[in-house]
Amino acid sequence: MTTSEAGAEPQGVAVRVVSRIDEIDAAAWDACAGDEDPFVSHAFLHALEESGSASADEGWLPQHLVIEGADGRIAAVAPTYVKGHSYGEYVFDWSWASAYRRAGIEYYPKLQCCVPFSPVGGSRLLVRPDATEVPYRRVLLAAMVEMTVQSDLSGAHMTFCTEEEYDLAGELGLLQRTGTQYHFFNEGYESYDDFLAALLGRKRKVIKRERREAQSCGATVRAITGDELRPEHWEAFYGFYLSTIDRKWASPYLTKDFFFRIGETMPERIVLMLAEQDGQPVAGALNLLGKKALYGRYWGSSADHKFLHFETCYHRAIELAIELGLERVEAGAQGQHKIQRGYVPVPTYSAHFIVHPKFRRAIDDFLQHERQALAEERRALMAQSPFREHRAR
């Protein structure tokens, strides 16, 4: 695929690249990002950069795309990075990189349009709602292709985008990829008991028993948000975050400063589920609050407490979503165990521009088979649904 096939920029539309998000006025960025998704907010992305979590030193070189309209105001933006590795993305392309290496071709660097370390679906091509004079999403995609070719990158990847963006990318010739996550959908429940009543009897009993056992350790769980958040809460939670990293033999992508920054700049969009025992924090789950959804992100604990993970991350999240009248809970990447707790399999979307023609054909063939296999798997997983009526999405 050539740049022209991806849709050339309309005459007079210029796309510029900025290397730090603080070069963009926060209000102007958020006017494009909207208020539905906290992950693409200026505050969240700024915290990632300024804390050193998403920086050039860590293999994330910010190269955000910005388009100004005829009135001089910012009309569209996209969170974009040049990557020197594939860590922190959650749409796994390690096998692609390995194939490139075996062929003696460089896979890195590559271009990534995403929210670092956040497997959360949402808009990646951010356009101010009243900016309608130009097909800005198409222009942003064309700019990514152009940057990839001009900078001699191996490809451009837009991950965890919306289905609409996925479809647009497919129309423009980008390769399409799907994945699977597990989300809870609020079917108009007025209470948590209404949710339980929608489950099969044996499944309902399992959840009730699980919650009783989680609470039998003597820990109390409370939701902390807004002005209630204190530095000591972040100190405790960062310890939990590191404990999870240690158990998984992983690397801590996020610095302590990141958590303190989002606590200061966007506390109203944070819900920290904190479990305490004898007045001391023993576990916690970090959630971000959107306009329509609660997004579960990180969990950790100082010791093993049976079922406390499920209580803090999944059951409490459903309770809070129903209480707040939210449409859904997105509980993060992976985890078929979530099905038994009221979360159903849903597709996720990404799009990929691969420069090398032979690898593009090979990857396209792989993705066609993968999409079919994952669709069949989601249908099969619905057989494990705890609901009396299937709720396929």
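Keep in mind the model is a prediction, meaning the values are calculated, not measured.

All right, on to helix 7 (residues 201–215) then. If you check helix 7, its first and last C-alpha atoms are 21 Å apart, about what 15 residues at 1.5 Å a residue would give, namely 21 Å. Every buried residue of helix 7 is accounted for by K203, I207, E210, R211 and A214. Each buried residue of helix 7 sits inside an arc of 95° when the element is viewed along its axis, so together they form one side. Of the exposed residues in helix 7, those oriented more than 90 degrees away from the buried face are R202, K205 and R212.

Here we come to the pairing of strand 5 (residues 80–83). Here strand 5 shows a buried face lined by T80 and V82 and a second buried face lined by Y81 and K83. Inspection of the sheet shows strand 2 (residues 60–62) paired to strand 5 by three bridges, in the antiparallel sense. Note on strand 5: the bridge partner recorded for L61 is V82. Across four bridges, strand 5 lies against strand 6 (residues 110–113) in antiparallel orientation. Each bridged residue has a counterpart across the sheet, and for V82 the counterpart in strand 6 is L111.

Working note: non-glycine residues mostly have negative phi, and peptide bonds are mostly trans. Geometrically, the link from Y108 to P109 is a cis peptide bond, its omega value of 10° lying close to zero. Tracing the backbone shows P109 in the loop between helix 3 (94–102) and strand 6. One non-glycine residue, D278, adopts positive backbone phi at about 55°. Note on placement: D278 falls in the loop between strand 11 (270–277) and strand 12 (280–289). Positive phi, close to 70°, is recorded for F307, a residue that is not glycine. Looking at where F307 falls in the secondary structure, it is placed in the loop between strand 13 (293–301) and helix 10 (308–324). Under the relative-accessibility criterion, F307 is labelled partly exposed at 24%.

Calculation rules
Residues numbered from 1 in each chain as written. Predicted model: local features only at pLDDT ≥ 70, side-chain atom pairs only at ≥ 80, totals over all residues. Heavy atoms only, no water. Helix = DSSP H or I, 4+ residues; strand = E, 2+ residues; numbered from the N terminus. Expected span 1.5 Å × (residues − 1). Buried < 20%, exposed > 50% of the residue type's maximum accessible area, 1.4 Å probe, protein only. Arc of directions from axis to C-beta. Pairing = 2+ DSSP bridges.

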